[in-house]
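# Per-entry structural report
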Amino acid sequence: MRLLIYSMILMGVIIMVTNIYRYIRFMKNMRDAFPKGKSRSSVWKDVGLVLLVFFLLGYICVGLFGVPDLMIAGILFGGSIFVAIVLTIMFDLIESIRDNCLSVTEVLIGVIEARDPNLNGHSRFVQNLTMLFYDYLPSDIKKKINRMTLEYAALMHDVGKLGIPEEVLNKPGKLTDQEWKIMRQHPEIGVKFLEPLRSFASIRPWIKYHHERIDGKGYYGLSEQEIPLPSKVIAVTDTYSAIVMRRAYKEPETHETAIKIMQEIAGTQLDAGLVDIFCKIPKEKLMDCVPPSLFSNGDV
């Protein structure tokens, strides 16, 4: 009987340790998803972790210093399972909400891009490319970027073009200096569109600076060290998409040509290390990122 009692308590301890690990990992992955400036959210996250650790210490103390009976062992074991179930339901619910929000955002981006034949499918393509690229990034870089938040930033990187006049967006020829000045405003316009959405506070700089160059000659003249890492990642996938997609003013280039061009501008326009990683991704996997709308246009 004593063996059963202590086995149940030990299992409870193991499950609680797992619960704490899952909780910490989940909150770490969600760190950019919580609205900035919401101290209440941060407090409750910390309280949740403290309570889980407190429960774990209770299990250990009962096992080491108490004289538990079968009922106490059953309550402790059942409690650990209950916490695991609650955490699983909470994580699944948040993930479901996240997926639904992403789906709605994808639809809205599709509607926005439909007004511009040069963009139709571009944002989805960049989104897919960025997620594939993220999977190939080394672990030290992955730790610096939240995958979920990066996906939103990649999808909405060109949302500011909604505020650009159609005659500029759809112009088949080369833009004039004044038209180009207007076009260069789209990152700032995108940031203004997202300002009311506090949950996207962390990605606004990523979107604003995705056209910055490593040599400091980008839209805002940021140096290499000043450019957010996610912006550098999106710049790589955005450049590849821009090269291989059809435009009103140019025919699409092949994958091989795109890789050659990107290698030529590595270190000046794009981050050389990131370009090196991207160029090692198999062509077939990059082609799998092409959305159906681009296939229908015969691009890539």
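Right above here is the structure, for reference.
Here the structure is a predicted model, which is why all the values come from computation and not from measurement. (Residues numbered from 1 in each chain as written. Predicted model: local features only at pLDDT ≥ 70, side-chain atom pairs only at ≥ 80, totals over all residues. Heavy atoms only, no water.)

### So, the side chain of Asp 271
Relative to the elements of secondary structure, Asp 271 occurs in the loop between helix H12 (255-265) and helix H13 (272-279). Among buried Asp, Glu, Lys and Arg side chains, Asp 271 stands out as unpaired, with Lys 232 the closest opposite charge at 4.1 Å. Here Gly 273 takes part through its backbone nitrogen, which lies 3.0 Å from a polar atom of the side chain of Asp 271. Here Asp 271 is in contact with Ile 214, Glu 224 and Lys 232, once residues within four sequence places are set aside. (Helix = DSSP H or I, 4+ residues; strand = E, 2+ residues; numbered from the N terminus. Buried < 20%, exposed > 50% of the residue type's maximum accessible area, 1.4 Å probe, protein only. Lys, Arg positive; Asp, Glu negative; His and termini not counted. Salt bridge = Lys/Arg side-chain N within 4 Å of Asp/Glu carboxyl O. Polar contact = N/O pair within 3.5 Å; in protein donor to acceptor, adjacent residues only side chain to side chain. Contact = heavy atoms within 4.5 Å.)

### Comments concerning the pattern of salt bridges
Summed over the entire model, instances satisfying the criterion amount to six salt bridges. Salt-bridge contacts for Lys 161 lead to Asp 158; the nearest nitrogen and oxygen are separated by 3.7 Å. The same class applies to Lys 161 and to Asp 158, which are both buried. For Lys 283, the salt bridge is made with Glu 256, and the minimal N-O distance between the two is 3.3 Å. Separated by 27 residues along the polypeptide, Lys 283 in helix H14 (residues 283-287) and Glu 256 in helix H12 bring together distant segments of the chain.

### Focus: empty space enclosed by the protein
Over the atoms rolls a probe the size of a water molecule, and in doing so it shows where empty space is left. As enumerated under the stated definition, the model contains two cavities of 30 Å³ or more in all. What the second largest cavity holds in volume is close to 30 Å³. Split into classes, the residues belonging to the lining of the second largest cavity amount to four nonpolar, one polar and three charged. (1 Å grid on protein atoms, 1.4 Å probe; cavity = no way out; pocket = protein on both sides within 12 Å on 5 of 7 lines; lining within 4 Å. Points joined across faces, edges and corners; volume = space filled by probe spheres on them. Nonpolar A, V, L, I, M, F, W, Y, C, P; charged D, E, K, R; others polar.)

### A word on the packing of aromatic side chains
The full count for this structure, using the stated rule, is eight aromatic pairs. When the centroid spacing of 6.2 Å and the interplanar angle of 55° are considered together, the rings of Phe 54 and Phe 55 count as tilted. In this structure Phe 54 comes out as exposed when scored by relative accessible area, which is 58%. What links up through ring pairs into an aromatic cluster is the set Phe 125, Phe 133, Tyr 240 and Phe 278. A cation over an aromatic ring shows up here: Lys 208 above the ring of Tyr 220, its NZ or CZ 5.2 Å from the ring centre. (Phe/Tyr/Trp six-rings, centres within 6.5 Å; stacked < 30°, edge-to-face > 60°. Lys NZ or Arg CZ within 6 Å of the ring centre and 35° of its normal.)

### Observations regarding the nonpolar core
Of all hydrophobic cores here, the largest spans 47 residues; its most connected members are Phe 133, Met 156, Ile 203, Tyr 240 and Phe 278. Contributions of two or more residues to this core are made by helix H3 (70-113), helix H4 (122-136), helix H6 (147-155), helix H10 (204-208), helix H11 (229-244), H12 and H13. When neighbours within four sequence positions are excluded, Met 156 is seen to be in contact with Thr 105, Ile 109, Leu 194, Phe 200, Ile 203 and Ile 207. One finds Leu 52, Tyr 59, Ala 73 and Leu 87 within the second-largest nonpolar core, a separate group that totals 17 residues. (Core = buried A, V, L, I, M, F, W, Y, C linked by side-chain atoms within 4.5 Å.)

### Considerations on H11
Taking 1.5 Å per residue as the helical rise, H11 with its 16 residues ought to reach 22 Å, and the 24 Å between its terminal C-alpha atoms agrees with that figure. Along H11, 14 of the 16 residues are buried, which leaves the element largely enclosed by surrounding structure. (Expected span 1.5 Å × (residues − 1).)

### Some points on a nonpolar patch on the surface
A cluster of nonpolar side chains, namely Val 43, Trp 44, Val 47, Leu 51, Phe 54 and Phe 55, defines an oily patch on the protein surface of about 620 Å² accessible area. Note that Val 47 resides in helix H2 (residues 39-65). Classification of Val 47 by relative accessible area gives partly exposed; the value is 31%. (Patch = residues over 30% accessible without salt bridge, like charges linked within 9 Å, V, L, I, M, F, W, Y side chains within 5 Å. Areas by Shrake-Rupley, 256 points an atom, 1.4 Å probe, with all protein chains shown as cover.)

### Some words on the environment of Thr 239
Tracing the chain through its elements places Thr 239 in helix H11. Spatially, the C-alpha atoms of Thr 239 and Gln 269 are 9.8 Å apart, while their sequence positions differ by 30 residues. Ignoring anything within four residues of it in the chain, the contact list for Thr 239 reads Met 262, Ile 265, Gln 269 and Leu 270. Of the polar contacts made by the side chain of Thr 239, one reaches the backbone oxygen of Ala 235; its length is 2.6 Å.

### Observations regarding the packing of H12 against H13
Where H12 meets H13, the closest approach of the two axes is 9 Å, and the angle between their N-to-C directions is 160°. In terms of axis orientation, H12 runs roughly antiparallel to H13. For the pair H12 and H13, the sense of crossing is left-handed. Each of Ile 259, Met 262 and Gln 263 in H12 lies in contact with H13, whose residues at this interface are Val 275, Phe 278 and Cys 279. For the contact of H12 with H13, the residue count by class is five nonpolar, one polar and no charged. (Axes fitted to C-alpha atoms, helices over the stretch in contact; angles between N-to-C directions. Parallel < 35°, antiparallel > 145°, perpendicular 65-115°, else oblique. Left-handed = near helix turned anticlockwise from the far one by under 90°.)

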